[in-house]
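# Summary of structural features
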Amino acid sequence: MSKLEQLIEELCPDGVEYRELNQICKNITTGKLNANSMVENGIYPFYTCDALPFRINEYAFDTEAILISGNGSRVGHINYYNGKFNAYQRTYVLSNFNDIEVNFLLHYLKEYLRDYILIYSKKGSIPYITLPMLQNFKIPLPPLPVQREIVRILDAFSEYTIELTKELTEELTMRKKQYEYYRDSLLNINNKL
């Protein structure tokens, strides 16, 4: 059971209502551009099916949105953006949210959408998802105060994980330098004999 499921179960012992994604996102659409529409040093983010956005000089959206890669090796990758941006024709743009905290939806999608896509995605040379697949994806809807509390807890865990990862990376870097120092010292001693 994931931490998200545990939190929902603990904070809503009587259960929660589930709704399809198209009931809580009034607008689920895609961008209109080809992936090669990007420009170097563009003004706005341009979301394609890559993990990170490219840049472009014109925007088609000016909203708070969750963006989902609709095909390719990163199918189901999720980004969040609030402001002016543009999107590739196979990137799904979810916006105009209803009865849900966007960050709760973001956590839920990041936790469960990928597995759903692996089960229901259209197979072929390039995996892809369809609009009805996204529209029918079910989301639990605890009361808004519970959603906010879940987001607060999960964000705290995320911050702690980032901090811990940074500390471990620094410690590993120091240990590697220490190992290299002693290795080089020992090898130099052997060369002097």
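The present account deals with the structure reproduced in this document. (Residues numbered from 1 in each chain as written. Predicted model: local features only at pLDDT ≥ 70, side-chain atom pairs only at ≥ 80, totals over all residues. Heavy atoms only, no water.)

Turning our attention to the packing of aromatic side chains. For the structure shown, the criterion picks out nine aromatic pairs. Geometrically, the ring pair formed by F61 and F85 is stacked, given 5.0 Å between the ring centres and 10° between the ring planes. Separated by 24 residues along the polypeptide, F61 in strand β5 (residues 61–69) and F85 in strand β6 (residues 78–87) bring together distant segments of the chain. With respect to burial, F61 and F85 carry one shared label: buried. Linked through ring pairs, Y47, F61, Y81 and F85 together constitute an aromatic cluster. (Phe/Tyr/Trp six-rings, centres within 6.5 Å; stacked < 30°, edge-to-face > 60°. Helix = DSSP H or I, 4+ residues; strand = E, 2+ residues; numbered from the N terminus. Buried < 20%, exposed > 50% of the residue type's maximum accessible area, 1.4 Å probe, protein only.)

Further remarks concern the pattern of salt bridges. As enumerated under the stated definition, the model contains seven salt bridges in all. Put simply, D99 and R19 hold a salt bridge, and the shortest N to O gap is 3.1 Å. Here the residue D99 occupies a position in the loop between β7 (91–97) and α3 (102–120), and R19 occupies one in strand β1 (residues 17–20), the gap between them amounting to 80 residues. Since its relative accessible area comes to 42%, D99 is described here as partly exposed. Each of E17, R19 and D99 takes part in one network of salt bridges that share partners. (Salt bridge = Lys/Arg side-chain N within 4 Å of Asp/Glu carboxyl O.)

Within a sheet, each strand pairs with its neighbour through backbone hydrogen bonds, oriented either parallel or antiparallel. The six strands lie next to each other as β2-β7-β5-β6-β3-β4, forming an open sheet whose pairing is mixed. Strand pairing shows two members of the sheet lacking a second neighbour, β2 (25–30) and β4 (54–56), which therefore form its edges. When strand polarity is set aside, the average angle formed by the axes of neighbouring strands in this sheet is 45°. Judged from the five bridges that link them, β5 and β7 form a sheet pairing that is antiparallel. Bridging across to β7, S69 finds its partner in T91. Relative to β5, α3 is tilted by about 15°, and along the sheet it contacts β2, β5, β6 and β7. (Pairing = 2+ DSSP bridges. Axes fitted to C-alpha atoms, helices over the stretch in contact; angles between N-to-C directions. Contact = heavy atoms within 4.5 Å.)

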